[in-house]
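What the coordinates show
Here's the letter readout for the chains.
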Amino acid sequence: MEVLEIHRYPQLMDQCCDLINMEWPRSKTARLRRLEMSCDSFPTCLVLVCSNEVLGHSKLSSLPSLPLGCLIESVVVHPEHRGKGLGKFLMTKSEDHARRQGMETLYLYTKDKQGFYSKIGYTECEPVQIYGQHVLGQNSKNVPLNETDAKGN
Ligand code: ACO
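Residues numbered from 1 in each chain as written. Predicted model: local features only at pLDDT ≥ 70, side-chain atom pairs only at ≥ 80, totals over all residues. Heavy atoms only, no water.

**Notes on the site of the ligand**
In the vicinity of the ligand lie 22 residues, with V75, V77, G85, G87 and K88 positioned nearest. Interatomic distance of 2.8 Å between a backbone N/O atom of V77 and an oxygen atom of the ligand. One of the side-chain N or O atoms of R82 is found 3.3 Å from an oxygen atom in the ligand. For the ligand, the accessible surface in isolation is 990 Å², of which the surrounding protein chains cover 73%. (Near = heavy atom within 4 Å. Polar contact = N/O pair within 3.5 Å; in protein donor to acceptor, adjacent residues only side chain to side chain. Areas by Shrake-Rupley, 256 points an atom, 1.4 Å probe, with all protein chains shown as cover.)

Right under this line is the structure:
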């Protein structure tokens, strides 16, 4: 089980697209275009992979209004593999990635998965501004840098 940056594994984009579309249907072209924007800094799309099968996805983006803040969105685990700890694993790896990029706080918006995010340490916070004037009610979690990360291990 590993979490990979999708831009390094373009062969996984098609599968990833289908997984995201199972949850939030949208045109495949639009979906692929978004995945193709993934890069080393931000935005970055991460995929949870087991035996070449894409089982999860998350997307990390920078927040212009909060230089040390990172937005995490489109978190999804394959419906047949939920409830086995994969979502938690994917979030931990996503947080590690954000931390390596110098981020200190992760922000996210959820309509109905508050229970999951509370379990993994997110708490409600004041709304933050994203994309110009658009403001979302948010959950956040601090991801303090530790010595291991600082060494890049
Ligand atoms: N309510 C309360 N607790 C939950 C929920 C929930 N809906 N989902 C999981 N948990 C708990 C689990 O019981 C587990 O607790 P434990 O550690 O005490 O055993 C813990 O959270 C971790 O659960 P996982 O098994 O790792 O979660 P899973 O692999 O099922 O992934 C996820 C959770 C990603 C929300 C999955 O259900 C999913 O893909 N849902 C559909 C898409 C979705 O709504 N994504 C979130 C959108 S919001 C965003 O992207 C910021």
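**Thoughts on the nonpolar core**
Across soluble globular proteins, nonpolar side chains have a tendency to be buried as a group. Counting residues in each nonpolar core, the largest one holds 20 residues, and the members touching the most others are L60, C70, I72, M91, L106, Y117 and Y122. When residues no more than four places from it in sequence are discounted, the contact partners of Y117 are V75, M91, L108, T110 and Y122. By size, the runner-up hydrophobic cluster in this structure holds 14 residues, among which are L4, L12, V49 and V76. (Core = buried A, V, L, I, M, F, W, Y, C linked by side-chain atoms within 4.5 Å. Buried < 20%, exposed > 50% of the residue type's maximum accessible area, 1.4 Å probe, protein only. Contact = heavy atoms within 4.5 Å.)

**Examining the pattern of salt bridges**
In this structure the tally under the stated criterion is seven salt bridges. One salt bridge connects E23 with R82, and the closest N-O pair in it is separated by 2.7 Å. Of this pair, E23 sits in helix α1 (residues 13–23) while R82 sits in the loop between β4 (66–77) and α3 (86–100), and the two are 59 residues apart along the sequence. In this structure, R99 and D96 form a salt bridge, with 2.8 Å as the shortest nitrogen-oxygen distance. Remark: D96 and R99 occur in helix α3; sequence separation between them is three residues, near one turn of the helix. Judged on exposure class, the residue R99 and its partner D96 are both buried. What emerges from the salt-bridge pattern is a single network uniting E5, R8 and D40. (Salt bridge = Lys/Arg side-chain N within 4 Å of Asp/Glu carboxyl O. Helix = DSSP H or I, 4+ residues; strand = E, 2+ residues; numbered from the N terminus.)

**Considering the packing of α1 against helix α2 (residues 28–36)**
For the pair α1 and α2, the least separation of the axes is 10 Å and the interaxial angle reads 120 degrees. When the axis of α1 is compared with that of α2, the two are oblique. Relative to α2, the crossing made by α1 is right-handed. Taken together, the residues of α2 that come into contact with α1 (itself represented by M13, D14, C16, C17, D18, I20 and N21) are K28, R31, L32, L35 and E36. Class assignment of the residues belonging to the contact of α1 with α2 gives a composition of six nonpolar, one polar and five charged. (Axes fitted to C-alpha atoms, helices over the stretch in contact; angles between N-to-C directions. Parallel < 35°, antiparallel > 145°, perpendicular 65-115°, else oblique. Left-handed = near helix turned anticlockwise from the far one by under 90°. Nonpolar A, V, L, I, M, F, W, Y, C, P; charged D, E, K, R; others polar.)

**Description of the side chain of T105**
Structurally, T105 is set in strand β5 (residues 105–108). Residue contacts for T105: discarding those within four places in its chain leaves L68, G69, C70, S140, K141, N142 and V143.

**Let's talk about the state of the cysteines**
Structurally, a disulfide amounts to a covalent bond that connects the sulfur atoms of two cysteines. Counted according to the given criterion, the structure contains zero disulfides. C45 takes part in no disulfide bond, and the closest cysteine sulfur to it belongs to C16, at a distance of 6.8 Å. (Disulfide = S-S within 2.5 Å.)

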